[in-house]
Amino acid sequence: MAAVSARLPVFPWDKLEPYKATAAAHPDGIVDLSVGTPVDPVPQLIQSALVAAADSPGYPTVWGTPALRDAITGWLRGRLGASGAGHRNVLPVVGSKELVAWLPTQLGLGAGDKVAYPRLAYPTYEVGARLCGAEAVVYDDPTELDPAGIKLLWLNSPSNPTGKVIPKDELVRIVAWAREHRILVFSDECYLELGWEAEPVSVLHDDVCGGSYEGLVAVHSLSKRSNLAGYRAAFIAGDADVLGELLEIRKHGGMMTPAPVQAATAVALGDDAHVEEQRARYAARREALRAALVAHGFRVDHSEASLYLWVTRDEPCWDTVAHLAALGILVAPGDFYGEAGGRHVRVAFTATDERVEAAVKRLA
């Protein structure tokens, strides 16, 4: 066990604990804008679907019910512009983090193989590479990498942490390069429905992939769009051969989404109203925090999508973390996401309206 855990970096959030204690000591309490966990209620129609399916004494299927697969493929066609999506192109997963962490292992990667991901990125991409013993490679533009040995290329648009969106023409170029070099592309699109100043596009969009999903898989989650982080509701979609192989592995491993969660996910994907309501909440919080941070002396970079503001005062990120903690506001240091983030912090706008208002007052 120690041999495996020794491959992994220090769990980053543990480093934030002293600053969390400082922020919590504020007379009006902490405003936690660090992790980005949803705080708003699960929509009632989703709760009702979960309850209605609660009498589920049998084992669920790894591939998901036909109703769930219908819901996912319908959403892919209607929302992502993936007109050819069918049941063989979808697979439910037990939350997207589990998928990201264990994907290289499930793909059979190991020593001598390379996993590439953005220079500023969700830390679990690196964790996945380390767990299987592969080499982690970072990039600014993936097409500038030496393709030799790269077996898995992670894209992330909208980006966590920066909120940057990869334009459609760039996606077309990257997909063509990856296919030329027979590199499997997994595109983390979990924030795709949260575009503010740009419209995110999926790698599965007909205009990007040319109607073929060969070598392409998109990762999607309902944690943010539907407040279902606690449900661990997510899925992957794309290349049927890749998904078929993962399905066989996951069946042996018992990696099953619980049946009530499958039912709730199907209902959630079939309803747009709750997504728009949640977007409106986030839009208001985003605008309030953005204005307050700029007035306080911060510069906002990228941040055209997702649930975060990527901000800087042109100082080491931990100095910024300490400054805001003294005001009772906890944020994530940019170096959690790579050395290139050493002078930025990530500010989530997933707190309640009351806590966002408190942060705005303190920044003023």
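Structure's up top.
Remember, predicted model here, so these are calculated numbers, not experimental data.

How each quantity is defined
- Residues numbered from 1 in each chain as written.
- Predicted model: local features only at pLDDT ≥ 70, side-chain atom pairs only at ≥ 80, totals over all residues.
- Heavy atoms only, no water.
- Buried < 20%, exposed > 50% of the residue type's maximum accessible area, 1.4 Å probe, protein only.
- Helix = DSSP H or I, 4+ residues; strand = E, 2+ residues; numbered from the N terminus.
- Pairing = 2+ DSSP bridges.
- Axes fitted to C-alpha atoms, helices over the stretch in contact; angles between N-to-C directions.
- Contact = heavy atoms within 4.5 Å.
- Disulfide = S-S within 2.5 Å.
- Salt bridge = Lys/Arg side-chain N within 4 Å of Asp/Glu carboxyl O.
- Phe/Tyr/Trp six-rings, centres within 6.5 Å; stacked < 30°, edge-to-face > 60°.
- Lys NZ or Arg CZ within 6 Å of the ring centre and 35° of its normal.

## Some points on the pairing of strand E7 (residues 216-221)
- Judged by how many residues are buried, E7 sits mostly within the fold: six of six residues are covered.
- Side-chain alternation along E7 places Leu216, Ala218 and His220 on one buried face and Val217, Val219 and Ser221 on a second face that is also buried.
- Pairing of E7 with strand E8 (residues 233-238), which is carried by five bridges, proceeds in the antiparallel orientation. Residue pairing in the sheet places Ala218 in a bridge with Ala237 of E8.

## Looking at the sheet that holds strand E4 (residues 135-139)
- Pairing in this open sheet of seven strands is mixed, and the strands run E2-E8-E7-E6-E5-E3-E4 from one edge to the other. Two strands close off the open sheet at either side, each with one partner strand: strand E2 (90-94) and E4. Averaged over all pairs of adjacent strands, the angle between their axes in this sheet comes to 25°, without regard to strand direction.
- Relative to the sheet, helix H7 (residues 168-180) contacts strand E5 (150-156), strand E6 (184-188) and E7, its axis offset from that of E5 by approximately 170°.

## Digging into the state of the cysteines
- Throughout the structure, instances matching the rule amount to zero disulfides.
- Cys132 forms no disulfide, and the closest cysteine sulfur to it belongs to Cys190, at a distance of 20 Å.

## A closer look at unusual backbone geometry
- Omega for the bond connecting Ser157 with Pro158 falls within 30 degrees of zero, at -5°, which places this linkage in the cis form.
- You can see Pro158 is positioned in the loop between E5 and H7.
- Positive phi is not limited to glycine here, since Arg182 has a value of about 55°.
- We note that Ser303 has phi near 65°; this positive angle belongs to a residue other than glycine.
- Among the secondary structure elements, Ser303 is positioned in the loop between strand E9 (299-301) and strand E10 (308-312).

## Let's talk about the pattern of salt bridges
- With the rule as written, the count across this model stands at 22 salt bridges.
- Between Arg299 and Asp301 there is a salt bridge, with the nearest N and O atoms lying 3.0 Å from each other.
- Given a relative accessible area of 18%, Asp301 falls into the buried group.
- Lys361 is the partner of Glu357 in a salt bridge, and the nearest nitrogen-oxygen pair spans 3.5 Å. Here the residue Glu357 and the residue Lys361 both occupy positions in helix H13 (residues 353-363), the gap between them amounting to four residues, near one helical turn.
- A relative accessible area of 45% means that Glu357 is categorised as partly exposed.

## Describing the packing of aromatic side chains
- Counted by the stated rule, this structure contains 13 aromatic pairs.
- The interplanar angle of 85° and the centroid separation of 5.6 Å between the aromatic rings of Tyr122 and Tyr125 together place this pair among those described as edge-to-face. Here Tyr122 and Tyr125 have matching classes, each one buried.
- Summarising the aromatic geometry, the rings of Trp154 and Phe186 are spaced 5.6 Å apart at their centres and angled 65° between planes, so their arrangement reads as edge-to-face. Within this pair, whereas Trp154 is found in strand E5, its partner Phe186 is found in strand E6, the two being separated by 32 residues in sequence.
- Trp154 gets classed as buried once you look at its relative accessible area, which sits at 0%.
- Residue Phe186 is classed as buried on the basis of its relative accessible area of 0%.
- One aromatic cluster is present, formed by Trp13, Tyr19, Trp310, Trp318, Phe336 and Tyr337 through successive ring pairs.
- A cation sits over an aromatic face here: Arg69 above Trp63, 3.7 Å from the ring centre.
- For the cation-ring pair, Arg346 lies above Tyr308, with the distance from its terminal atom to the ring centre recorded as 3.7 Å.

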